[in-house]
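Chain by chain, the residues run as shown.
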Amino acid sequence: MSLDPSFMWEALLKLLEALPTTLAITAVSVGCGFLAGAAIALVRVHRVPVLHRIASVWVTVIRGTPMLVHLLVIYAGLTLIVDTLTGYFGLGWNSARIPMIGFAYLSFSITASAYCSEIIRSGMLAVDRGQREAALSLGMTTMQTLRRIIFPQALAASVPNLTNFVIGMLHGSTLAFVVSVVDINAKAEIVASTNWKFFEAYLAAAILFWAMTILLERAGGAVERRINRYRKGGVV
Amino acid sequence: MIRLTGIRKSFGKDEVLRGIDLEVGKGEVVAVIGPSGSGKTTLLRCVNFLERPDAGEIRVSDLRVDCARPSKKDIHALRRKTAMVFQQYNLFRHKTALENVMEGLVVVRKLPKEEAREKVGLGDKLDAWPSRLSGGQQQRVGIARALAMEPEVMLLDEPTSALDPELVGEVLAVIRQIAKEGITMIIVTHELGFAQEVASRVVFMDGGVIVEDGAPAELFARPREERTKQFLRRLAPEYSI
């Protein structure tokens, strides 16, 4: 057995073509997951009647099932629903017109919403109740209190967990190959299928993921240092 | 100026306030004393709806709030007319001392930042994070934050209880100064000596009711009620007769 470094390099360059796909899936799922997660966390922390129960069931169910299952259920279920509906209303198109990557966007956003909500919720709980009371006693509204006092500190407290979460979603995005989306990992498979040098191709993919992960770790660390200045004391 | 009528509050089965009537005139400094669990902190928190009273009426100048049916607008208006100083300071941890004081000015009173900054005045610790300030300094920022709102009444909830003994003095000095300026204040306190010196009136609470209410010299020297006597004897033997 011998490693073919030149093919590895060649594979790496080819994998870069799939980089935007991987990044897009990660960015969309993290972005939507973050927004939905913040809403879920808010509903749960403030115990909004009815909604907080739904939210807590949502989190239990989504976290209790694998990301791959979400993808498959969305893929199979959504096509079924869309085709039934469009057929019923005679809209003249069907689920085949939904781009495959759309299923990945949707299902990974669902996955992300549950994990992210727990991260944000624990961040919100880390801000002591007294600060909320102080803000309200000054005459700030609930929204102003959330936006200016609670969320900034909740996010600061959540940065390490959020970094971890983004890395998790980046790696998880490889599952998109199941619905024929060509991400970095799927591309490695394709690249190697011509000469059977799978090991080199997979290694190249691993290097690419590792590099992205290091960048994310660095970025997370920088954000953490910047945002948490106030905790260590010192002056501006 | 401020008038509380029939304020009641229960936590579950536990009735903490059993009908409080209290009137505080403009410029008066009222010290509320009493054993722990007597409801004095709850009373103070009810005045700006950090606790929601079950019944009663709160009037601050021309504002009148029915505690059983307060509108959001009522609660907001009440909070604008009052300002709270907390036992644990409750500074915004992610904002500097200056930003803490400016927060209410800019967000609630909508003053331009520059004007708010001038209003706060300058000091050497203004750009420090709360985590770098001593308890006494933090509480002074807390007082400045409340005062900056120009409230009609200041509510102080045991402002020195969390402080190390050697830091109590600096905070009391600030409160003394504010009292001299004629700001209306209700202070829940354990500092009986301070209450006697600064307050124009002392209210003794026990078991969710106001037991006795009078001028400090009078109340401390010649308490009428047996419960007041007991409390003073236990807490401050020098006052007992």
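Residues numbered from 1 in each chain as written. Chains lettered and ligands numbered in written order. Predicted model: local features only at pLDDT ≥ 70, side-chain atom pairs only at ≥ 80, totals over all residues. Heavy atoms only, no water.

> When you look at the packing of helix α1 (residues 5-15) of chain A against helix α9 (residues 198-227) of chain A in this model, what are you seeing that I'm missing?
Two packed helices can be described by the angle between their axes and the distance between those axes. Residue and element names in this part refer to chain A. At a minimum axis separation of 8 Å, α1 and α9 run at an interaxial angle of 55 degrees. Taken together, the axis directions place α1 and α9 in an arrangement best described as oblique. Read as a crossing pair, α1 and α9 show a hand that is right-handed. Across the interface between the two elements, F7, M8, A11, L12 and L15 of α1 pack against E200, A201, L203, A204, A205, I207 and L208 of α9. Taken together, the residues that form the contact of α1 with α9 break down as 11 nonpolar, no polar and 1 charged. (Axes fitted to C-alpha atoms, helices over the stretch in contact; angles between N-to-C directions. Helix = DSSP H or I, 4+ residues; strand = E, 2+ residues; numbered from the N terminus. Parallel < 35°, antiparallel > 145°, perpendicular 65-115°, else oblique. Left-handed = near helix turned anticlockwise from the far one by under 90°. Contact = heavy atoms within 4.5 Å. Nonpolar A, V, L, I, M, F, W, Y, C, P; charged D, E, K, R; others polar.)

> Help me out: how do you make sense of the pairing of strand β8 (residues 185-188) of chain B in this one?
Working note: regular strand, side chains alternate between the two faces of the sheet. Residue and element names in this part refer to chain B. Side-chain alternation along β8 places M185 and I187 on one buried face and I186 and V188 on a second face that is also buried. In terms of strand pairing, strand β3 (residues 29-33) meets β8 through 4 bridges, oriented parallel. Paired with V32 across the bridge in β8 is V188. Taken together, the 4 bridges between strand β7 (residues 153-157) and β8 define a ladder with parallel strand orientation. (Buried < 20%, exposed > 50% of the residue type's maximum accessible area, 1.4 Å probe, protein only. Pairing = 2+ DSSP bridges.)

> Looking at this structure, I do not really get the nonpolar core. What am I missing?
Nonpolar side chains tend toward joint burial in soluble globular proteins. Formed by 104 residues in total, the largest nonpolar core has its most connected members in M154(B), I175(B) and M185(B). Filtering out sequence-adjacent residues up to four positions away, M154(B) remains in contact with A83(B), V85(B), I143(B), A146(B), L147(B), I178(B), I183(B), T184(B), M185(B) and I186(B). (Core = buried A, V, L, I, M, F, W, Y, C linked by side-chain atoms within 4.5 Å.)

> Even after reading the chapter, I still don't get the packing of aromatic side chains, so can you show me in this structure?
Given two aromatic rings, one states the distance between the centres and the angle between the planes to describe the pair. Counted under the stated rule, the structure contains 5 aromatic pairs over all chains. Note on Y75(A) and F103(A): the rings are 5.2 Å apart at their centroids and 90 degrees apart in plane angle, and the pair reads as edge-to-face. With Y75(A) in helix α4 (residues 67-89) and F103(A) in helix α5 (residues 100-125), the pair connects residues that are 28 residues apart, well separated along the chain. Its relative accessible area of 30% is what places Y75(A) among the partly exposed residues. Judged by centre distance (5.7 Å) and plane angle (80 degrees), the ring pair of W196(A) and F198(A) falls under edge-to-face. By relative accessible area, which is 23% here, F198(A) ends up partly exposed. Chaining the aromatic ring pairs together yields one cluster made of W196(A), F198(A) and Y202(A). One Lys or Arg, R145(B), reaches over the ring of F92(B) and ends 4.6 Å from the middle of that ring. (Phe/Tyr/Trp six-rings, centres within 6.5 Å; stacked < 30°, edge-to-face > 60°. Lys NZ or Arg CZ within 6 Å of the ring centre and 35° of its normal.)

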